[in-house]
Structure formats: structure tokens, C-alpha cells
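Structure assessment
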Number of protein chains: 2
Amino acid sequence: MLKLSKKSEYALMAARYMAIKNHGNAVTAKEIADNYKISFELVSKVLQNLAKNKIAISFQGVKGGYTLKKNPFEISLIELIQAVEPDYQITDCLRSESPKNECSYSDCCKIRDPLAEVQRKIDKVFYETKLAHII
Amino acid sequence: MLKLSKKSEYALMAARYMAIKNHGNAVTAKEIADNYKISFELVSKVLQNLAKNKIAISFQGVKGGYTLKKNPFEISLIELIQAVEPDYQITDCLRSESPKNECSYSDCCKIRDPLAEVQRKIDKVFYETKLAHII
DNA sequence: ATAAATAAGACTATTATAGTCGGGTATAAA
DNA sequence: TTTATACCCGACTATAATAGTCTTATTTAT
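1. Some words on the overall build of chain A
- On a plain count of helices and strands, chain A comes out with 5 helices and 2 strands.
- The helix and strand sequence of chain A, counted from the amino end, reads α-α-α-β-β-α-α.
- Projected onto the principal axes, the alpha-carbon positions of chain A cover approximately 60 × 25 × 25 Å.
- The burial tally for chain A puts 50% of its 135 residues in the buried class.
- Restricting to contacts in chain A with at least 6 residues of sequence separation, those with at least 24 account for 59%.
- By element, 51% of the accessible surface of chain A is carried by carbon and sulfur atoms, the whole surface being about 6900 Å².
- Computed over 21 positive and 16 negative side-chain charges, the separation of the two mean positions in chain A equals 6 Å.

Written as C-alpha cells, this is what we have:
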């Protein structure tokens, strides 16, 4: 209930780790998983999502891994979260694929527009908080 | 994922309904359930929670029902949400029953304090948005 | 008395999240 | 050119959280 998913947490943790450990080599999924003792497969997926969303760059093969594409002051939490959770809206009827004015309740619940405003403010918080701020 | 629960939605909807329909009598759970075509039992529970949390007053017996205790400008969304979702924190380690510095990750994920700041900002949004604003 | 309403807790069903597994591709280095 | 390491990706399963139902008790106006 209004909680970040593990995927989002892992995205923040992984991004933070990459921001800090910028020793020459790229950081591997295994390194992050071992460091925090979390599922390697999940972290891998998260990192793949970060790469797909141009937040990280991936290098394949031996000596491969990931590095951040931008500097930590230019990466906002909303980017990291949306990379792993494309729809993170506080209510279904605000989701992107939801047709305008769709409301599952009879005669409409009428609170959609005010909630959209709340959503904008929450987005703003996650936009203005940068990776650099969680380091 | 960062989504309001149905309970929270119902709390907002029910509170809004009470704020608008203040015809002499109290509003019944049945009336609200019928109006939005949502589960009577669930709305009942939500209304009971609002009463327990001093947001609404309940009247038992025939002609019973609920009315709001305060005016809609004095009821914030955070009150309504917390009435039905006592712990609505964005991450487990920020929850009230969580001992300070508890972190499920090896060597700690280190993002707890910055996230607490994010949480405060989100709380502020829900505190500053009043029932009157969603009418 | 009766009917309409809240109160409360146990129970079940459904859905979302978290986590696993298997097969594939790319590449540095021996 | 073989091998080991690491990314890529989709399907699958298990678990947990949410949503919804059922039952019984209590209150109270008529």
C-alpha cells in the first residue's frame, strides 16, 4: 500500500552502488547481488531495465557489466523507478493505458482529477530527488 | 506499486460522499455501496475505521449511519488514508514498528535516511490536500 | 417485537509481487 | 578456437498482500 516494490528498491540500491564504485571496470550484477545478499536474477533484470532506459550502459562478455550513463546529479529517482515500474500511478484510472474518464465505479467516483494533482506533486518529489541525494 | 489500496480509495469516496450529502440524516454504508456499486461489507469496514479514528461519527440502530466529525477543510487525505492503512510508508524499514536501523540487506542498503526525507515530502502532499479539495 | 443499522472477526478468493529456471548471445583471454 | 564470464530475455512458480465474503452480535427507532 503506497509502498515501493523490491524492484524499485533494488534499482535505487544498484544505481547508488554504481555511482560509488566507479573503479575502472564496469560493475557486475553478481557483485551487487553478493554485496547486498539479494537475488542475482532480480538484480540482473533491474539492471537490464536500467540499460534499456538509457540510465546505465551494459557491456557484454567477460569483463562486462554496467556503468551509469549520466552523473548522479542528473539521474532522478523517478527515472529509476519508472525504469522498473512503467506504471507507478497512485490509482488505476490515472495509468497511461487507461482511456480518459474511465472509471470503474458506477456514476464515477469523481475524485480522479484531484488525485491527478496529487500524483503530479508526488512525481515532482521523485523528480527533484536525484541519485546524488541518496548517496 | 506505489498505488493506493481500494480501502484508501473507498475512504476518500465515502468521506467525499458524506461531505456532499449532508441531508439531515446520517449516511448509511448501504447508501454509499449502492451509489458506487461497491462492496457493502468493505465500505462498512472503511466507515468503521473512519469512526474509530474520530474522522466520522457513527450512529447505531435504525436511522443510524455516519456523519463527518470535522469540516472538509480540516480533514486531510493523510488522515483518511492512515485511518484505513496504518502503515503506508514507501519502504518497510520506515514503518513505525520497525526498530531503528533495521535493514534487511547485508551491510545495509544505506538509502534509508534519504528515503525518509522523500517520505516526509509525500506525507506533506497528503497532509496539505484536504477533503474539500477533492470535492 | 421487529427491522434496520453498526461492530467485529474469521474466512476465502484473487491478484500482484518476488523469486527461480533455462536457453540464448556476446566477448575477453588463454 | 575454445572456454569462462557476463549480459539478455521469457516463461514459470511460490509467496504475500489485497480484496471480498460470511457470520454473529449489538444497538435502537418505530
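2. Remarks on the side chain of A:E9
- Here A:E9 is to be found in helix α1 (residues 6–20).
- One buried charge, A:E9, has no salt-bridge partner; the nearest side chain with opposite charge is A:K6, at 4.4 Å.
- Among all residues touching A:E9, those that are not within four sequence positions of it are A:L4, B:T91, B:Y105 and B:I111.

3. Quick look at the interface of chain A and chain B
- The interface is formed by 40 residues belonging to chain A together with 40 residues belonging to chain B.
- Surface buried jointly by chain A and chain B totals about 3800 Å² across both partners, of which 66% is contributed by carbon and sulfur atoms.
- Considering only the surface of chain A that becomes buried against chain B, A:M1, A:L2 and A:Y105 emerge as the three largest contributors, covering 21% of it.
- On inspection of chain A and its partner chain B, the count reaches 2 salt bridges.
- Across the pair A:K3 and B:D92 runs a salt bridge whose closest N-O atoms are separated by 3.3 Å.
- Between the two partners, chain A and chain B, sit 12 residue pairs in polar contact (both at pLDDT 80 or more).
- Listing elements by their share of the side of chain A that touches chain B, those giving two or more residues are α1, α2 (29–36), α4 (77–84) and α5 (112–128) of chain A.
- Split by residue class, the side of chain A that touches chain B holds 23 nonpolar, 8 polar and 9 charged.

4. Things to note about the pattern of salt bridges
- The full count for this structure, using the stated rule, is 10 salt bridges over all chains.
- The partner of A:K70 in a salt bridge is A:E79, and the shortest N-O contact between them spans 2.8 Å.

5. A few points about the packing of helix α3 (residues 40–52) of chain A against α4(A)
Residue and element names in this part refer to chain A.
- Axis separation between α3 and α4 bottoms out at 8 Å; the angle between their running directions is 115°. When you trace α3 past α4, the crossing you get is right-handed. Of the residues in α4, those touching α3 at V46, N49 and L50 are L80, A83 and V84.
- For the contact of α3 with α4, the per-class residue count stands at 5 nonpolar, 1 polar and no charged.

The rules behind each value
Going along each chain's sequence as written, the residues are numbered from 1 onward. Chain labels run from A onward and ligand labels from 1 onward, assigned in the order the entries are written. In view of the model being predicted, local features appear only for residues whose pLDDT reaches at least 70, and side-chain atom pairs are presented and counted only at 80 or more, with totals across whole chains, interfaces and linings using the full set of residues. Side-chain measures here rest on the full set of heavy atoms in the structure, leaving out hydrogens and waters. In this description a helix means any DSSP run of H or I spanning at least four residues, a strand means any run of E spanning at least two, and both kinds are numbered starting from the N terminus. Burial classes follow relative accessibility: with a 1.4 Å probe on protein chains only, a residue under 20% of its type's maximum area counts as buried, one over 50% as exposed, and anything between as partly exposed. The contact definition used throughout considers only heavy atoms, calling two residues in contact when any of these lie within 4.5 Å. Surface exposure here means Shrake-Rupley accessible area, sampled with a 1.4 Å probe, where a residue is shielded only by the protein chains that are shown. Charge counting treats Lys and Arg as positive and Asp and Glu as negative, with His and both chain ends excluded. We put the charge of a Lys on NZ, of an Arg on CZ, of an Asp on CG and of a Glu on CD. Basic side-chain nitrogens of Lys or Arg form a salt bridge, by our definition, when they fall within 4 Å of a carboxyl oxygen of Asp or Glu. What counts as buried area is the accessible surface, traced by a 1.4 Å probe, that two parts surrender upon association, with contributions from both included. Any N or O atom pair separated by 3.5 Å or less is treated as a polar contact, with the protein-specific requirement of one donor-capable and one acceptor-capable atom, and with residues adjacent in sequence counted only for side-chain atom pairs. For this scheme, ten residues count as nonpolar: Ala, Val, Leu, Ile, Met, Phe, Trp, Tyr, Cys and Pro. Four count as charged, namely Asp, Glu, Lys and Arg, and the remainder, Gly too, count as polar. Orientation is described by axes fitted as lines to C-alpha atoms, over the contacting stretch for helices, and by angles from 0 to 180 degrees between their N-to-C directions. Should the near helix be turned anticlockwise from the far one by less than a right angle, the crossing is left-handed, and should it be turned clockwise, the crossing is right-handed.

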